[in-house]
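Each chain, letter by letter, is given below.
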Amino acid sequence: MSASAIERMKFDDALAAFEPVLGLETHVELGTASKMFCSCSAEFGGEPNTHVCPVCLGLPGSMPVVNASAIESTIRMGLSLNCSIASWCRFARKNYFYPDMPKDYQVSQYDEPLCVDGYLDVVVATDDGPREFRVEIERVHMEEDTGKLTHAGGDTGRIHGADYSLVDYNRAGIPLIEIVTKPIVGAGELAPLVARAYVTELRDLMRALGVSDVRMDQGSLRCDVNVSLAPSGEPWGTRSETKNVNSLRSVERAVRFEIERQAAVLSGGGRVVQETRHFHEDTGETTSGRSKEHAEEYRYFPEPDLVPVAPTSDWVEELRGTLPEVPSVRRARLQAVWNISDLEMQTLVNAEALDLVESTIDHGVDQAAARKWWTGEFTRIANEQGIALTDLPVTAAHIARVEELIADGSLTDKLARQVFEGVIAGEGDVDAVVQARGLVVVGDDSTLLAAIEQALADQPDVAEKIQGGKVQAAGAIVGAVMKATKGQADAAKVRTLLLEHLGVDG
Amino acid sequence: MANITREQVQHLAHLARLELTEEETAHYTDQLSAIVEAVEHVSEVAADDIPPTSHPVPMTNVFREDVARPGLDRADVQAGAPSWEDDRFRVPRILDED
Ligand SMILES: [Zn+2]
């Protein structure tokens, strides 16, 4: 790719001249069994156009009916975000022509969202320690997802230059919740981190609620990032909207890039255009999309085919009773129970290993061992394979079994790693891999002693050195024994046996 | 007559992706004016203390249990599609508009 033509100001200079204002619009696809307004399966994937019916295809005469579970999930999301729940609200039609919706409108909520006025506290790591920010929530509303377009013909596979498009409506009508923040001001140079921390916390909250699998890589959590810059002492300026930023890291990068880009525009005497921009994972840049100079006319009006939603306070309170522990509270509790440092906790969180470690400990594994496996070996392998830690085929039960075998001396750490290698390669469970690969500690003393004697015979000067006081020379013999036993001996035990054999105190 | 203008009709036609001839535009301008005028009679009766009605039947909370059921057979879906390719609806190029 050629060098970018987009001018940027250095981040620190941009922050010295301007105050960034953020707004985040996050879409969460609910993990319901059926769609928002019809009984079609909401399962991810499926052959194209097999999860469709007259309602989600917008066929004449079809009538939508609201999914009760989607309403409950939305209310629980609103409550967990400290929102007020509307006692009466309606759906609205958002009219537009685009083939991703066969009805030519999307059922959404307009001026009567189900949940309003909440907040989410997030923590950002700074040089002076952790700092808490309160992100205020404007609204949480319900709508339906759209179909998936594939652009065909042309040679780029992109919408520009395409000859025509193909549409799969399996996703059309999946319950979609939009969470909109109020303007986030005052974050200054921490703005990119606050944006990332907010989306992370929101994701963990949704996961704890069990309302969505919140996979940014699969599109069940999507984020639009709005950024504007205010010259010091002035209210905010014109904002850009960067659409569908689909990883946590990209959220942070998109905010940073927009701050640097807009600062360059403004300080060069230009003006920021209100427009949609697209984020590019490869370059970390945003490029201009549709201009919003002319506000779109969606002609919202109350959806006549759906009656209003009016949650009773009894129902809302009953749902409040089902809220799980808030992730930040849970983190603090686990950190205290496991007695680990802020840094160790941060490592677990960054590795996305908290749930995995907790369930491993629940299987009886020591907390230090559980943390070591997930943030060390398994994180390395997951990164190598480019998959999420949770997608590794290793389970808490596997780790518990391996740790049992280590404890009773049948496996060493090194052998344990080979066992997991086998488990991850699909060779079976722990015992099957141990069996098939013949991974057992060579433990009986006579075998080890034979190997020690052989090694001493091969390196006749070493015994003398050790007996003469150079105990560190034992390493050469231990190494030879480990090699002879193909690494399947316990090195510490070999060393002890060797010193005993030579009559030397370790 | 309510004063619906030609420009309003043209604007609406564009939003609805309808191409109108001059005659049609004139025709709909008259028709829409008459319709709006008829509807305006409602506000002569409904005072400020009567909220606008969006739903004629006072009913709320009509829900369905979250149970997935099979939808249409794809052959039937395809039969209703004007154009079809690779198990998907084929639609004309999108960005030529505006
Ligand atoms: Zn359907």
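Note that the structure is a prediction, hence the values are computed from the model and not measured.

Moving on, we come to the overall build of chain B. Across its full length, chain B holds three helices and three strands. Helices (α) and strands (β) of chain B occur, in sequence order from the N terminus, as α-α-β-α-β-β. Taking 2.2 N^0.38 as the reference for a compact globule, 98 residues should give roughly 13 Å; the C-alpha atoms of chain B span a radius of gyration of 22 Å, well beyond that estimate. When its C-alpha atoms are laid out on the principal axes, chain B stretches across 55 × 45 × 20 Å. Of the accessible surface of chain B, which amounts to about 7600 Å², a share of 54% is contributed by carbon and sulfur atoms. Between the mean site of the 8 positive side-chain charges and the mean site of the 21 negative ones, chain B shows a separation of 14 Å.

All right, on to the interface of chain B and chain A then. Every contact between the two is made by 32 residues of chain B and, on the other side, 55 residues of chain A. Regarding the contact of chain B and chain A, the summed buried area is about 3600 Å², with carbon and sulfur atoms giving 60% of it. Where chain B packs against chain A, one counts zero salt bridges. On the surface where chain B and chain A come into contact, there are 23 residue pairs in polar contact (both at pLDDT 80 or more). When contributions to the side of chain B that touches chain A are tallied by element, the ones reaching two or more residues are α1 (6-15), β1 (63-64), α3 (74-79), β2 (84-85) and β3 (88-92) of chain B. Residue composition of the side of chain B that touches chain A, by class: 15 nonpolar, six polar and eleven charged.

All names here are of chain A. When you line up the elements, Phe279 lands in strand β13 (residues 275-280). Residue classification places Phe279 among the buried residues on the basis of a relative accessible area of 11%. Once the C-alpha coordinates of Phe279 and Asp224 are considered, the two residues, 55 residues apart in sequence, prove to be 10.0 Å apart. Leaving out residues up to four positions away in the same chain, Phe279 has contacts with Thr242, Val245, Ser250, Arg253, Ala254, Gly284, Glu285 and Thr286.

Taken together, four strands build an open sheet; the order of strands is β8(A)-β9(A)-β3(B)-β2(B) and the sheet is antiparallel. Two strands in the sheet have a free side with no partner beyond their single neighbour: β8 (148-152) of chain A together with β2 of chain B. Sheet topology note: the β2(B)/β3(B) ladder contains two bridges and is antiparallel. Within β3(B), the position partnered with Glu85(B) by the bridge is Arg88(B).

All names here are of chain A. For the coordinates displayed, the defined rule picks out eleven aromatic pairs over all chains. Look at Tyr96 and Tyr298: their rings are 6.5 Å apart centre to centre, the planes differ by 80°, and that puts the pair in the edge-to-face class. Taken together, the residues span a long stretch of sequence, with Tyr96 in the loop between β4 (92-95) and β5 (105-108) and Tyr298 in the loop between β14 (285-291) and β15 (301-302) at a distance of 202 residues. Between the aromatic rings of Trp373 and Phe378, the centroid separation amounts to 5.8 Å while the plane-to-plane angle is 20°, which identifies the pairing as stacked.

Looking now at the packing of helix α6 (residues 327-338) of chain A against helix α8 (residues 354-362) of chain A. Residues and elements named next belong to chain A. Relative orientation of the contacting elements α6 and α8 amounts to 45°, with a least axis distance of 12 Å. Taken together, the axis directions place α6 and α8 in an arrangement best described as oblique. For the element pair α6 and α8, the recorded crossing hand is left-handed. Residue-level contacts link Arg330, Arg331, Arg333, Leu334 and Trp338 of α6 to Leu354, Asp355, Val357, Glu358 and Ile361 of α8. The residue inventory of the contact of α6 with α8, partitioned by class, reads five nonpolar, no polar and five charged.

Residues and elements named next belong to chain A. Within the first shell, the zinc ion binds the protein through Cys38 (SG), Cys40 (SG), Cys53 (SG) and Cys56 (SG), at distances of 2.3 to 2.4 Å. Of note is the zinc ion, whose four donor atoms meet at the metal with angles of 97 to 117° in an arrangement that counts as tetrahedral. All donor residues of the zinc ion come from one chain, and their arrangement in sequence is C-x1-C-x12-C-x2-C. Separated by 18 residues along the polypeptide, Cys38 in the loop between β1 (18-29) and β2 (66-67) and Cys56 in the loop between β1 and β2 bring together distant segments of the chain. Residues Cys38 and Cys56 agree in their burial class; the two are buried.

What counts and what doesn't
Counting of residues starts from 1 at the beginning of each chain's written sequence and follows it residue by residue. Here the convention is simple: chains get letters from A, ligands get numbers from 1, in the order in which they are written. Whole-chain, interface and lining totals are the exception, using all residues; otherwise, since this is a predicted model, local features are given only for residues with pLDDT of at least 70 and side-chain atom pairs are given and counted only at 80 or more. Side-chain figures throughout are based on the complete set of non-hydrogen atoms in the structure, without hydrogens or water. Secondary structure elements are taken from DSSP: a helix is a run of H or I of four residues or more, a strand is a run of E of two residues or more, and numbering for both begins at the N terminus. When we talk radius of gyration, it's over C-alpha atoms, and the globule rule is simply 2.2 Å times the number of residues to the 0.38. The accessible surface values rely on the Shrake-Rupley method and a 1.4 Å probe; as for residues, cover is taken only from the protein chains in view. In this tally, Asp and Glu contribute negative charge and Lys and Arg positive charge; neither His nor the terminal groups of the chain are included. Charge coordinates come from a single atom per side chain, which is NZ of Lys, CZ of Arg, CG of Asp or CD of Glu. Only heavy atoms enter the contact rule, under which two residues are in contact if any of them lie within 4.5 Å. By buried area we mean the combined loss of accessible area, with a 1.4 Å probe, across both parts when two parts are placed together. Counted as salt bridges are all cases of a side-chain nitrogen of Lys or Arg within 4 Å of a carboxyl oxygen of Asp or Glu. Counted as a polar contact is a pair of N or O atoms within 3.5 Å, where, for protein atoms, one must be capable of donating a hydrogen and the other of accepting one, and residues adjacent in sequence contribute only when both atoms are in side chains. Basically, the charged four are Asp, Glu, Lys and Arg, the nonpolar ten are Ala, Val, Leu, Ile, Met, Phe, Trp, Tyr, Cys and Pro, and anything else, Gly included, counts as polar. Buried means the residue's accessible area, taken with a 1.4 Å probe over protein chains only, is under 20% of the maximum for its type, while exposed means over 50%, and partly exposed covers the values in between. Whether two strands pair depends on DSSP finding at least two bridges between them. In summary, the pairing rule links any two rings of Phe, Tyr or Trp, Trp by its six-membered ring, whose centres are within 6.5 Å, and it sorts them by plane angle into stacked for under 30 degrees, edge-to-face for over 60 and tilted for everything else. Note on definitions: angles span 0 to 180 degrees between N-to-C directions of axes, and those axes are lines fitted to C-alpha atoms, for helices only across the stretch in contact. Oblique is the label for any angle not covered by the other classes, which are roughly parallel (under 35 degrees), roughly antiparallel (over 145) and roughly perpendicular (65 to 115). The handedness criterion is simple: a crossing whose near helix is rotated anticlockwise from the far helix by less than a right angle is left-handed, and one whose near helix is rotated clockwise is right-handed. Metal sites are built from N, O and S donor atoms within 2.8 Å, or 3.2 Å for Na, K and Ca, and they leave out water, so they may look incomplete. For four-coordinate sites, all angles between 85 and 135 degrees define a tetrahedron; for four- and six-coordinate sites, opposite donors beyond 155 degrees with the remaining angles between 65 and 115 define square planar and octahedral shapes respectively, and all other cases count as irregular.

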